[in-house]
Amino acid sequence: MFERDVDTWATLVSCYANHGSIETACQLFKEMPEKSCGSIKDAIHVFEGVQMLIARAVKFMNNMSLKASAAIWGAILKSCRV
């Protein structure tokens, strides 16, 4: 069995989040040992901020007068990249 380092944890969280399993990503993030991610409080703050922005984007998309297509979702998500 291998030991998970910061790269392993980040990859797991990122993969689950990128594939729409936000709850699983959040749970894995909470399970990360503090030594693996440096300042856990700062990281949680950033992650929760991203979660809030995603929730706002979903609300915006659901309130649009036309149905959100894959192209619209792609444009919204690509604009969020840093």
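Higher on the page you've got the structure.
On a predicted model such as this, the values are computed, not experimentally measured, just so you know. (Residues numbered from 1 in each chain as written. Predicted model: local features only at pLDDT ≥ 70, side-chain atom pairs only at ≥ 80, totals over all residues. Heavy atoms only, no water.)

Visitor: Teacher, can you tell me more about the overall build of the chain here?
Guide: The number of helices and strands found in the chain is five helices and zero strands. Going residue by residue from the N terminus, the α and β elements of the chain occur as α-α-α-α-α. Taking all 82 residues of the chain together, the buried fraction comes to 16%. Of the contacts made within the chain by residues no fewer than 6 positions apart, 22% connect residues no fewer than 24 positions apart. (Helix = DSSP H or I, 4+ residues; strand = E, 2+ residues; numbered from the N terminus. Buried < 20%, exposed > 50% of the residue type's maximum accessible area, 1.4 Å probe, protein only. Contact = heavy atoms within 4.5 Å.)

Visitor: How should the nonpolar core be read in this particular structure?
Guide: One recurring pattern in soluble globular proteins: nonpolar side chains tend to sit buried together. Residues Trp9, Val13, Ala25, Cys26, Leu28, Phe29, Met32 and Phe47 constitute the largest nonpolar core, which totals eight residues. Of all the elements, helix H2 (residues 22-31) adds the most residues to this core, at four residues. Leaving out residues up to four positions away in the same chain, Val13 has contacts with Ala25, Leu28, Phe29, Met32 and Phe47. (Core = buried A, V, L, I, M, F, W, Y, C linked by side-chain atoms within 4.5 Å.)

Visitor: Before we go on, may I ask you to explain the packing of helix H1 (residues 6-18) against H2 in this structure?
Guide: Helix-helix packing is described using two parameters, namely the angle between the two axes and the distance between the axes. At a minimum axis separation of 7 Å, H1 and H2 run at an interaxial angle of 165 degrees. What the angle tells us is that H1 and H2 run roughly antiparallel. The crossing of H1 and H2 is left-handed. In this structure, H1 contributes Trp9, Leu12, Val13, Tyr16 and Ala17 to the contact, and H2 contributes Ile22, Thr24, Ala25, Leu28, Phe29 and Glu31. Residues that form the contact of H1 with H2 fall into these classes: nine nonpolar, one polar and one charged. (Axes fitted to C-alpha atoms, helices over the stretch in contact; angles between N-to-C directions. Parallel < 35°, antiparallel > 145°, perpendicular 65-115°, else oblique. Left-handed = near helix turned anticlockwise from the far one by under 90°. Nonpolar A, V, L, I, M, F, W, Y, C, P; charged D, E, K, R; others polar.)

Visitor: I tried to follow the environment of Tyr16 on my own but got confused; where do I start?
Guide: Counting through the fold element by element, Tyr16 comes out in helix H1. Between the C-alpha atom of Tyr16 and that of Cys26, which follows or precedes it by 10 residues, the distance is 9.0 Å. Those residues within four positions of Tyr16 in sequence are excluded, and the remaining contacts are Ser21, Ile22, Thr24, Ala25 and Leu28.

Visitor: Any chance you could explain H2 here in plain terms?
Guide: An α-helical turn contains 3.6 residues, so a residue and the one three or four places further along point in the same direction. Along H2, the residues that are buried comprise Ala25, Cys26, Leu28 and Phe29. Looking straight down H2, one finds that the buried residues subtend no more than 165 degrees of arc, so they occupy a single side. Projecting away from the buried face of H2 at angles above 90 degrees are the exposed residues Glu23 and Lys30. (Arc of directions from axis to C-beta.)

Visitor: Any chance you could explain the environment of Phe29 here in plain terms?
Guide: Tracing the backbone through its elements, the reader meets Phe29 in helix H2. Overall, the relative accessible area of 9% leaves Phe29 in the buried class. Between the alpha carbons of Phe29 and Val13 there is a distance of 6.3 Å; along the sequence they are 16 residues apart.

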